[in-house]
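Secondary and tertiary structure notes
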Amino acid sequence: MKKTVWVPIVGGLIFGSLSFLITAANITIQISDDLILGPWEIINSLSAALFGPIGLLITELGLDISGYIYFIRGVYPAPQDLYFMLGDYFAHVTAMLIVAFGYRIIYQRMRMPSLLGGWFPVMVVYYLVGVTLQVTLFNFAVPGLGASYPGYFRNIRLEFVLVTGITSLVLIALPERFRRPHWYELNPELGHESEI
């Protein structure tokens, strides 16, 4: 099996298992009645950037299965609870594809520290698309839920700052060979020749 396939699978399984264990252990910080912060978005963002579409699909699946088991099941009547989970999965995967391809583009064209300058807008677009899709799909999955765009965007500000800051620090700390996206072969004409 090609390295560009098995490395993302293994990375996705590791990050997905970590997400599941964090959810099972309930490692979160309650900021307000509407906002619970956990390390999930950090794990998802790094998985998408480093392991691409395959890694993010696996990681997000681990997160959403654990979220369904520990948070969603029983909150909404069946089958709305399943629809809620599927909506969350679709919203995150769609938005995380932006992270995967956005990081690939900036990694090919930038080196540290300018790479972080490209990472910030990728994360902005991720949150804009992700929150918009979440609110839309949650209201569709659970009629009468009343999820609102202003409410979600208001509550997501602190999470955005923390996730963007922590993922930036992780990318700085990673050695170059681990910082690169592991889900495609690098093109030496676009830079990072030593990575091939």
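Below, the structure is looked at part by part. (Residues numbered from 1 in each chain as written. Predicted model: local features only at pLDDT ≥ 70, side-chain atom pairs only at ≥ 80, totals over all residues. Heavy atoms only, no water.)

1. As for helix 1 (residues 3-24)
Convention followed: Think of it this way: any DSSP run of H or I at least four residues long counts as a helix, any run of E at least two long counts as a strand, and we number them from the N terminus. The length a helix should cover is 1.5 Å for every residue beyond the first. Exposure categories follow from relative accessible area, calculated using a 1.4 Å probe and restricted to protein chains: below 20% of the type maximum is buried, above 50% is exposed, and the middle band is partly exposed. This arc corresponds to the set of directions leading from the helix axis out to the C-beta atoms.
The end-to-end C-alpha separation of helix 1 is 31 Å, in line with the 32 Å expected for 22 residues at 1.5 Å each. Turning to helix 1, its buried residues are Thr4, Val7, Pro8, Gly11, Gly12, Phe15, Gly16, Ser19, Ile22 and Thr23. Buried residues of helix 1 fall within an arc of 155 degrees about the axis and therefore sit on the same side. Residues Ile14 and Leu21 are exposed on helix 1 and point more than 90 degrees away from its buried face. In the segment just after helix 1, Asn26 is the residue with positive phi, at about 55 degrees.

2. Concerning unusual backbone geometry
Going from Met112 to Pro113, the amide bond is cis rather than trans, its omega being 0 degrees. Position of Pro113 among the secondary structure elements: in the loop between helix 3 (80-109) and helix 4 (114-141). Not every positive phi belongs to a glycine, and Asn26 is a case in point at roughly 55 degrees. If you trace the backbone, Asn26 turns up in the loop between helix 1 and strand 1 (29-30). Its relative accessible area of 46% is what places Asn26 among the partly exposed residues.

3. Concerning the nonpolar core
In a soluble, globular protein the nonpolar side chains are often hidden away together inside. Counted only if it meets this: In these notes, a set of buried Ala, Val, Leu, Ile, Met, Phe, Trp, Tyr and Cys residues joined through side-chain atoms within 4.5 Å is what counts as a nonpolar core. What makes two residues a contact is simply this: any of their non-hydrogen atoms within 4.5 Å.
Val99, Tyr103, Trp119, Met123, Tyr126 and Tyr127 are the most contacted members of the largest nonpolar core, which totals 36 residues. Every element with two or more residues in this core is listed here: helix 1, helix 2 (40-72), helix 3, helix 4 and helix 5 (149-173). With sequence-adjacent residues up to four places away left out, Met123 is seen in contact with Ser45, Val99, Phe160, Val163 and Thr164.

4. A few points about the pattern of salt bridges
For the record, the criterion: Only one rule defines a salt bridge in this text: a Lys or Arg side-chain nitrogen within 4 Å of an Asp or Glu carboxyl oxygen.
Tallied over the full model, the rule gives one salt bridge. Ionic pairing is found between Glu176 and Arg179, a salt bridge with its closest N-O pair at 2.7 Å. Here Glu176 pairs with Arg179, and both are found in helix 6 (residues 176-179), just three residues apart, close to one helical turn. Residue classification places Arg179 among the buried positions, given a relative accessible area of 8%.

5. Details of the environment of Ala91
Structurally, Ala91 can be placed in helix 3. Ala91 sits 46 residues away from Leu137 along the chain, and the two C-alpha atoms are 7.7 Å apart. When residues no more than four places from it in sequence are discounted, the contact partners of Ala91 are Gly130, Leu133, Gln134 and Leu137.

6. Remarks on the environment of Ala49
Locating Ala49 in the fold gives a position in helix 2. Sequence separation of Ala49 and Arg179 is 130 residues, and the distance between their C-alpha atoms is 8.9 Å. Ignoring any residue separated from it by four or fewer positions in sequence, one finds Ala49 in contact with Val99, Tyr103, Trp119, Pro181 and Trp183.

7. As for the packing of aromatic side chains
As a reminder, the rule being used: Any two of the Phe, Tyr and Trp rings considered here, Trp counted by its six-membered ring, make a pair once their centres fall within 6.5 Å; the pair's planes then place it as stacked at under 30 degrees, edge-to-face at over 60, or tilted in between.
Counted under the stated rule, the structure contains eight aromatic pairs. Here Phe101 and Trp183 contribute two aromatic rings whose centre-to-centre distance is 5.2 Å and whose plane-to-plane angle is 90 degrees, an arrangement assigned as edge-to-face. Placement of the pair is Phe101 in helix 3 and Trp183 in the segment after helix 6, with a sequence separation of 82 residues. Residue classification places Trp183 among the buried positions, given a relative accessible area of 12%. A centroid spacing of 4.9 Å and a plane angle of 75 degrees characterise the contact between Tyr126 and Tyr127, whose relative ring orientation is edge-to-face. Take Tyr126 and Tyr127: they sit in the same class, and that class is buried.

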